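# Architecture at a glance
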Amino acid sequence: MPRHRKRRNISYQLSSHFFKPNWIPLEILDIKEVNSDEIEALRLAYLEWMNMIKWAEQMWISAPTFNRILNSWITKIADAIINSKAIKIK
């Protein structure tokens, strides 16, 4: 049985739920889903410019977990941009 997911501190909510390439209808695009943890990790890492230990403390998680979340986000976004996919924020 997997461990329960630890509660995380997310302090930012986006106003948009989809990002997609221009001029391509959403119905024909593949969709990559990203969650609020990944959005928060991106915000802390690249907009707040704190060090990794402070990022992790702010989200109430360990530094290695923060790094996994950030790497997951980067992989999903790279795939979406390179392969013209829509991005859905859960």
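### Considerations on the confidence of the model for the chain
- This prediction gives the chain a mean pLDDT of 78; 81% of its residues lie at or above 70.
- For the chain, the element scoring lowest by mean pLDDT is helix 2 (residues 52-59), at 74; helix 3 (residues 63-82) scores highest, at 87.

### Let's talk about the pairing of strand 3 (residues 86-89)
- The pairing of strand 1 (residues 18-19) with strand 3 spans two bridges and is antiparallel. Considered in strand 3, the bridge of F18 is made with K88.
- Note: strand 2 (residues 31-34) against strand 3, four bridges, orientation parallel. Paired with V34 across the strands is I89, a residue of strand 3.

### Section: helix 1 (residues 36-46)
- A large share of helix 1 lies buried, amounting to eight of its 11 residues.
- Inspection of helix 1 places D37, E38, I39, E40, A41, R43, L44 and A45 among the buried residues, and these make up the whole buried set.
- Looking at the packing, one finds that the buried side of helix 1 touches strand 2, helix 2, helix 3 and strand 3.

Procedures and definitions
Residues numbered from 1 in each chain as written. Predicted model: local features only at pLDDT ≥ 70, side-chain atom pairs only at ≥ 80, totals over all residues. Heavy atoms only, no water. pLDDT = per-residue confidence, 0-100. Helix = DSSP H or I, 4+ residues; strand = E, 2+ residues; numbered from the N terminus. Pairing = 2+ DSSP bridges. Buried < 20%, exposed > 50% of the residue type's maximum accessible area, 1.4 Å probe, protein only. Contact = heavy atoms within 4.5 Å.

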